[in-house]
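A look at the structure
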Amino acid sequence: MAERILIVGSNGQIGTELLGALRNQFGNDQVVASDLRFSQSIDGPHFVLDAMNAQAVYELVKNQGITQIYLLAAMLSATAEKFPQKGWSLNMDTLFTCLELAREGHIKKLYWPSSIAVFGPTTPRENTPQATVTEPSTIYGISKFAGERWCEWYHLKHGVDVRSLRYPGLISYSSPPGGGTTDYAVDIFHKAKAEGRYTSFLSAQTALPMMYMPDAIRATLELMEAPAEKIKQRGSYNVGALSFTPAELSLAIQKHIPSFEIDYAPDFRQQIADSWPKSIDDSAARTDWGWKPDFNLEAMVSDMFAHI
Ligand code: NAD
Ligand code: AKB
């Protein structure tokens, strides 16, 4: 049977790019986009769907003959600290709905992203291992960590084919980021181009793991295409690519815009960033299903300026 794929949360930073990549792979009509709002820019099957409405998700899956779901609807770290209960509900309830659809056999495969936010202040911060202390201090991180455990439980108890990556901060040009702590690394490009300067909400020396969106999309597709027996982590995989500070990113930007200036006004997101890893050990993903990033800092910055 041909695969028919539903993206839940297709209008966001990842969905915007994942939709095109999946449609290239599976064909336009085989990939169904859905989000809270209708997007004029999306061709092909596209529905307004509130992922909190489990019955509506179930009906769309049945009516559209969906075989796989990519669940991207979520509240990210900075916003979830402001709306903790709403963030918890959105992040957990939508996952349960999809895990149950898989357990009941309505879909064959589920992709659900986790995050470096599963780690916390007690985690080793350099080259953070796949399995280590996970005591997240944000609601977002707690929801991602709990979600990982539920994914593994559904796989072990019910054979659900659920797959996941712990994305680092993602950098892209097609759509704005959705309320995270790593958003500065996208905003800075737009402000550099438009105004020649940027005020960073993280301090100069705050190193965080990051990844350029083409690498993140390829990692996602490669994970989902890998034979099931190669997937040893049913919670979620560490995936690494880049690690840099705002000061280092600003130096890389100055190679394209020499007059670019940056200053620093850390806000509440600094505390979140300080609780996250600086760099990631992704050897499990490399060994199990062959993960390898393409973009280093210079290549990513050049490609961003070529597109924005
Ligand atoms: P985003 O905020 O840009 O997009 C999320 C989309 O979900 C939005 O279009 C929003 O309208 C939609 N949405 C929200 N509530 C919904 C609901 N009730 N029903 C249907 N749609 C709803 O987020 P993103 O950056 O694309 O992230 C997608 C996933 O990847 C999330 O789980 C996020 O935690 C994870 N992730 C993202 C990053 C990153 O840097 N972007 C890093 C790590 C993990
Ligand atoms: C965020 O900053 O919340 C996200 C993430 C790393 O999960 N970009």
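Look up a bit, the structure's there.
Here we summarise the structure given alongside this text. Numbering of residues begins from 1 in every chain and follows the order in which that chain's sequence is written. Throughout, the order in which chains and ligands are written sets their labels, letters from A for the former and numbers from 1 for the latter. A pLDDT threshold of at least 70 governs which residues receive local features in this predicted model, and a stricter bar of 80 or more applies before side-chain atom pairs are shown or counted, although totals over entire chains, interfaces and linings include all residues. Values reported for side chains reflect all heavy atoms of the structure, with hydrogen atoms and water molecules removed beforehand.

It is worth spelling out the sheet that holds strand β6 (residues 114–115) at this point. The strand order across the open sheet built from three strands is β6-β8-β12, with neighbouring strands paired in parallel fashion. The open sheet terminates on both sides in strands that have one partner only, identified here as β6 and β12 (237–238). Two elements, strand β8 (residues 165–167) and β12, share two bridges in a ladder whose sense is parallel. When the sheet's bridge partners are listed, Leu-165 is paired in β12 with Tyr-237. At least two DSSP bridges between two strands are required for those strands to pair. Counting from the N terminus, the helices are the DSSP runs of H or I reaching at least four residues and the strands are the DSSP runs of E reaching at least two.

On any regular strand, side chains alternate: one points to one face of the sheet, the next to the other face. Using a 1.4 Å probe on the protein chains alone, a residue whose accessible area is under 20% of its type maximum counts as buried, one over 50% counts as exposed, and one in between counts as partly exposed. Most of strand β11 (residues 208–212) is tucked away, with five of its five residues classed as buried. In β11, alternate side chains face the same way, and those of Leu-208, Met-210 and Tyr-212 on one face and Pro-209 and Met-211 on the other are all buried. In terms of strand pairing, strand β9 (residues 169–171) meets β11 through three bridges, oriented parallel. Residue pairing for β11: Ile-171 is matched across the bridge by Tyr-212. In this sheet, strand β13 (residues 242–244) lies alongside β11 in antiparallel orientation, the contact comprising three bridges. What sits directly across from Pro-209, in β13, is Ser-243.

With that out of the way, let us pick up the site of ligand 1. Proximity is defined per residue: any heavy atom of the residue falling within 4 Å of a molecule or strand makes that residue near it. By nearness alone, 27 residues border ligand 1, and Gln-13, Asp-35, Ala-51, Tyr-140 and Lys-144 come closest of all. Definition of a polar contact: a pair of N or O atoms within 3.5 Å, with one able to donate and the other able to accept a hydrogen when the atoms are protein atoms, and with sequence-neighbouring residues admitted only if both atoms are side-chain atoms. Interatomic distance of 3.1 Å between a backbone N/O atom of Gly-12 and an oxygen atom of ligand 1. One nitrogen or oxygen atom from the side chain of Lys-144 is found 2.8 Å from an oxygen atom belonging to ligand 1. Protein burial of ligand 1: of its 830 Å² of free accessible surface, 91% is covered by the chains. Elements with a contribution of two residues or more to the shell around ligand 1: α1 (13–26), β6, α5 (139–158) and β9. Polar here means any residue other than Ala, Val, Leu, Ile, Met, Phe, Trp, Tyr, Cys and Pro, which are nonpolar, and Asp, Glu, Lys and Arg, which are charged; Gly is therefore polar. Residue classes in the shell around ligand 1 are distributed as 15 nonpolar, eight polar and four charged. Per-residue and other accessible areas were derived by the Shrake-Rupley procedure at a 1.4 Å probe size, with only the shown protein chains allowed to occlude residues.

Before going further, it helps to examine the packing of helix α6 (residues 184–195) against helix α11 (residues 297–307). Where helices are involved, their axes are fitted lines through C-alpha atoms of the stretch in contact, as for all axes, and angles between N-to-C directions lie from 0 to 180°. Contact geometry of α6 with α11 gives a least axis separation of 11 Å together with a crossing angle of 55°. Relative to α11, the element α6 is oriented oblique. As for how α6 packs across α11, the hand of that crossing is right-handed. Contacts between α6 and α11 pair Phe-189, Ala-192 and Lys-193 from the former with Met-300, Val-301, Met-304 and Phe-305 from the latter. Of the residues that constitute the contact of α6 with α11, the class distribution is six nonpolar, no polar and one charged. Comment on the angle field: the value is read as roughly parallel under 35 degrees, roughly antiparallel over 145, roughly perpendicular from 65 to 115, and oblique elsewhere. By the definition used in this description, the sense in which the near helix is turned from the far one sets the handedness, with an anticlockwise turn below a right angle giving left-handed and a clockwise turn giving right-handed. It only takes one pair of heavy atoms within 4.5 Å for two residues to be counted as in contact.

Turning our eyes to something else, we now look at the site of ligand 2. Every residue close to ligand 2 is listed here: Leu-76, Ser-77, Ser-115, Ile-116, Tyr-140, Gly-169, Gly-180, Thr-181, Thr-182 and Trp-276. Separating an oxygen atom of ligand 2 from a side-chain N or O atom of Ser-115 is a distance of 2.6 Å. The separation between a nitrogen atom of ligand 2 and a polar side-chain atom of Thr-182 is 2.8 Å. Within the complex, the protein chains bury 93% of what would otherwise be the 250 Å² of accessible surface of ligand 2. Where a domain begins and ends is set by an automatic assignment or by a domain database. The residues that make up the shell around ligand 2 include at least three from each of domain 1 (5–168 + 212–238) and domain 2 (172–210 + 242–307).

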